[in-house]
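Take a look at the letters that make up each chain.
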Amino acid sequence: MIGRLTALVGGAASLLAIGAALTASSALAHPLGNFTTNQLAQVRIDERQARVHYVLDQAEIPTFQQVQRFDASGNGTIEGAERGPLLDSELAEISSGLALTADGKPVTLGPPRDARLSFPPGQGGLLLTRVEVDFAAPLPREVSRVALVNNAFSGRIGWHAVQVLPGSGTDVTSSVPATDPTDALRSYPQDLLSSPPDDRGASFQVRPGSGEVTAPPGLEGGTSTENRALDGFANSLAGADSHGLLILLLLAAAFGWGALHALSPGHGKAMVAAYLVGSRGTPRHALILGLTMTATHTAAVFALGLVTLAASQYVLPEDLYPWLGVASGLMVVGIGFAVMRTRLRRWRSQRSHSHDGHSHAHDHSHGQPLTVRGLVALGVSGGLVPCPSALVVLIAAISQHRLGLGIVLIGAFSLGLAATLTAVGLTVIWGGRALARLRPERRLFGGRLTGALPAVSASVIVLAGTLITLRAIPQLGG
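Worth saying up front: this structure is predicted, and the values here are computed from it rather than measured. (Residues numbered from 1 in each chain as written. Predicted model: local features only at pLDDT ≥ 70, side-chain atom pairs only at ≥ 80, totals over all residues. Heavy atoms only, no water.)

## Thoughts on the overall build of the protein
- Looking only at helices and strands, the protein features eleven helices and eleven strands.
- The proportion of buried residues among the 478 residues of the protein is 46%.
- Within the protein, residue pairs in contact and separated by at least 24 positions form 83% of the contacts whose partners lie at least 6 positions apart.
- As presented, the protein carries roughly 22000 Å² of accessible surface, and 60% of it is formed by carbon and sulfur atoms. (Helix = DSSP H or I, 4+ residues; strand = E, 2+ residues; numbered from the N terminus. Buried < 20%, exposed > 50% of the residue type's maximum accessible area, 1.4 Å probe, protein only. Contact = heavy atoms within 4.5 Å. Areas by Shrake-Rupley, 256 points an atom, 1.4 Å probe, with all protein chains shown as cover.)

What follows is the structure in structure tokens.
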């Protein structure tokens, strides 16, 4: 069985290599995620004025949503979008979100100046948005305290930072660093990608001086992500038109990417193994579990894509991910407790039966027979949170008017996920059967521990669900 699984993984890796060679390699992946809106406000306080240089870096999904709003051609492309109104919309959001005070009194920032709009390449043939713009505001004489608050794009996740820079004729003591580890949001420290800063305000003590700045230490992040890593599946639609044999190879590569993706942490392998271990599982059960996860994952991608396209003014798609994580985790916890209760009852019954002297020649450690209902519930919980790369492929397919190909690629990717999870299930089932055929004196565990194994495996399901839930809860208010 190990040989079969190794062959499966090796085949998937080969398909991945073929697909990577066939798709465009110039597309870049936003390192902080496809949903992020990242902001940096660089502040200089001069003797008579405050200057703010603001930088916006929007990932693929927010960029696509903005382009859709201002696409007069209906093609959903940057070329068809009206850049003037699009930039005006961004500047209106930025201007309304920045608030400056001097000694506690509001100071009006002047109109945006030297605004620059560009669209760097992103994943899947999609683009990113970059805006740079300057603001200035007069300050009263002998001001001692200046504060800036940035409420632009409130509710959007991403990197939010304020930086102080030396001014003219002043010395400043700042509450925020004087350094920026991102080179104005062009590259991001690898060590901070999972927990980017969320600094939306800063205060500055001001006195006459020669441009000296006193500030707390800045962030240090180690390796930079200036050369942003590729995601093969998300970039499967980044190349030229696909047809014939190339489509077949892309589908095979998408299947391989899905299979390899399932091997990364947090994709239900432990839950599948724990659910099937010690039970009367069959290859049919493993197949049902894998196909259910496939169907749920595919449906979740399309549902989130619909939200991205049609309902983002009411609910942000990135806000749904934590809720889906919580729902998935709670479902897994519920399933784990139900399985634990059933298996504990069966184990206790077996022990009581044995103590009464009614031992049997056959093995009682098979656990509770699996039900289709339980398998479907676990499959739904495991596939409820869609892969962001699959959503990027869907959005890219819509923007390129290749929705049919995008749907098929997502289906192939989901089948790859299912294949790996099914292989895990089959390994557990056949491995359990091989252990059951061993004579008692050759088993790794004693009879009592073997009998308790189904209940112990149920506790693993509960633990996995708890970890999923705890990981998602802190993001609910993000």
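## Observations concerning the pairing of strand β3 (residues 98-102)
- On β3, burial follows the alternation: L98, L100 and A102 on one face are buried, whereas A99 and T101 on the facing-out side are not.
- Pairing between β3 and strand β7 (residues 145-150): five bridges, direction antiparallel. Note that in β7 the partner of L98 across the bridge is N150.
- Hairpin connection, β3 to strand β4 (residues 105-107): the antiparallel pair is bridged by two residues, and D103 has positive phi, about 50°. (Pairing = 2+ DSSP bridges.)

## Notes on a nonpolar patch on the surface
- A contiguous nonpolar patch, built from L287, L291 and L415 and spanning about 260 Å² of accessible area, is present on the exposed surface.
- Considering the arrangement of structural elements, one finds L287 in helix α6 (residues 283-310). (Patch = residues over 30% accessible without salt bridge, like charges linked within 9 Å, V, L, I, M, F, W, Y side chains within 5 Å. Salt bridge = Lys/Arg side-chain N within 4 Å of Asp/Glu carboxyl O.)

## Some words on the sheet that holds β3
- Sheet architecture is open: six strands sit in the order β4-β3-β7-β10-β9-β11, paired in mixed fashion. Among the strands making up the open sheet, the edge pair consists of β4 and β11 (213-214).
- Two strands pair when backbone bridges link them, and strand β9 (residues 170-174) and strand β10 (residues 201-208) are joined in this way by five bridges, in the antiparallel orientation. When the bridges of β10 are listed, D171 appears paired with R207.

## Structural notes on the sheet that holds strand β5 (residues 113-118)
- The strand order β5-β6-β2-β1-β8 describes an open sheet built from five strands, whose pairing is mixed. The open sheet has two free edges, formed respectively by β5 and β8 (160-165), since each of these has just one partner strand. The mean inter-strand angle of the sheet, taken between neighbouring strand axes irrespective of direction, is 15°.
- With six bridges connecting them, strand β1 (residues 37-45) and β8 associate as parallel partners. In the strand pairing of β8, Q39 is matched with H160.
- The strands touched by helix α2 (residues 60-69) within the sheet are β1, β2 (49-58) and β6 (129-138), with β2 carrying the most contacts at an inclination of about 95°. (Axes fitted to C-alpha atoms, helices over the stretch in contact; angles between N-to-C directions.)

## Observations regarding the nonpolar core
- With 32 residues, the main nonpolar core has I45, Y54, I94, L100, F135, V146 and F204 as its most contacted residues.
- When residues of this core are traced back to their parent elements, those giving at least two are β1, β2, α3 (83-97), β3, β6, β7, β8 and β10.
- Filtering out sequence-adjacent residues up to four positions away, F135 remains in contact with A50, R51, V52, Y54, I94, S95, L98, L109, G110, P111 and P112.
- Within the second largest apolar cluster, 25 residues are counted, among which are L304, A390, L391 and L417. (Core = buried A, V, L, I, M, F, W, Y, C linked by side-chain atoms within 4.5 Å.)

## Focus: the pattern of salt bridges
- Throughout the structure, instances matching the rule amount to six salt bridges.
- When the shortest N-O distance is used, the salt bridge between R51 and D46 registers 2.8 Å.
- Given the relative accessible area of 7%, D46 is considered buried.

## As for α2
- Of all the ten residues making up α2, eight are buried; the element is thus mostly covered by neighbouring parts of the structure.
- Along α2, the residues classified as buried are E60, I61, P62, T63, F64, Q65, Q66 and V67.

## Things to note about the packing of aromatic side chains
- Scanning all chains against the criterion turns up one aromatic pair.
- Their ring planes at 65° and their centres at 5.5 Å tell us that W159 and Y188 sit as a pair that is edge-to-face. Highlighted residues: W159 in the loop between β7 and β8 and Y188 in the loop between β9 and β10, separated in sequence by 29 residues.
- For Y188, a relative accessible area of 0% corresponds to the buried category. (Phe/Tyr/Trp six-rings, centres within 6.5 Å; stacked < 30°, edge-to-face > 60°.)

## With respect to the pairing of β6
- The buried count for β6 comes to nine of ten residues, which makes it a mostly enclosed element.
- The sheet contact formed by β2 and β6 spans ten bridges and is antiparallel. Bridging across to β6, V55 finds its partner in E132.

## Comments concerning the confidence of the model for the protein
- Mean pLDDT over the protein: 75, with 67% of residues reaching 70 or higher.
- For the stretch residues 442-446, pLDDT sits under 50, and the model shows five contacts to residues farther than four places along the chain or on other chains. (pLDDT = per-residue confidence, 0-100.)

## A few points about α3
- Taking 1.5 Å of rise per residue, the 15 residues of α3 would be expected to cover 21 Å, and the 21 Å separating its terminal C-alpha atoms lies within 8% of that figure.
- Taken together, the buried positions of α3 are occupied by L86, L87, S89, E90, L91, I94 and G97.
- In the core, the buried residues of α3 are packed alongside β2, α2, β3, β5, β6 and β7. (Expected span 1.5 Å × (residues − 1).)

## What about the side chain of D57?
- Here D57 lies in strand β2.
- By relative accessible area, which is 3% here, D57 ends up buried.
- A polar contact is formed between the side chain of D57 and the side chain of Y188, at a distance of 2.6 Å. (Polar contact = N/O pair within 3.5 Å; in protein donor to acceptor, adjacent residues only side chain to side chain.)

## Focus on the packing of α2 against α3
- Running from amino to carboxyl end, α2 crosses α3 at an angle of 125°, the nearest separation of the two axes being 9 Å. Here α3 runs oblique to α2, going by the angle between their axes. At the point where α2 passes α3, the crossing takes the right-handed sense. Along its contact with α2, which presents Q66, V67 and R69, the element α3 presents L86, S89 and E90.
- Here the residues of the contact of α2 with α3 sort into two nonpolar, two polar and two charged. (Parallel < 35°, antiparallel > 145°, perpendicular 65-115°, else oblique. Left-handed = near helix turned anticlockwise from the far one by under 90°. Nonpolar A, V, L, I, M, F, W, Y, C, P; charged D, E, K, R; others polar.)

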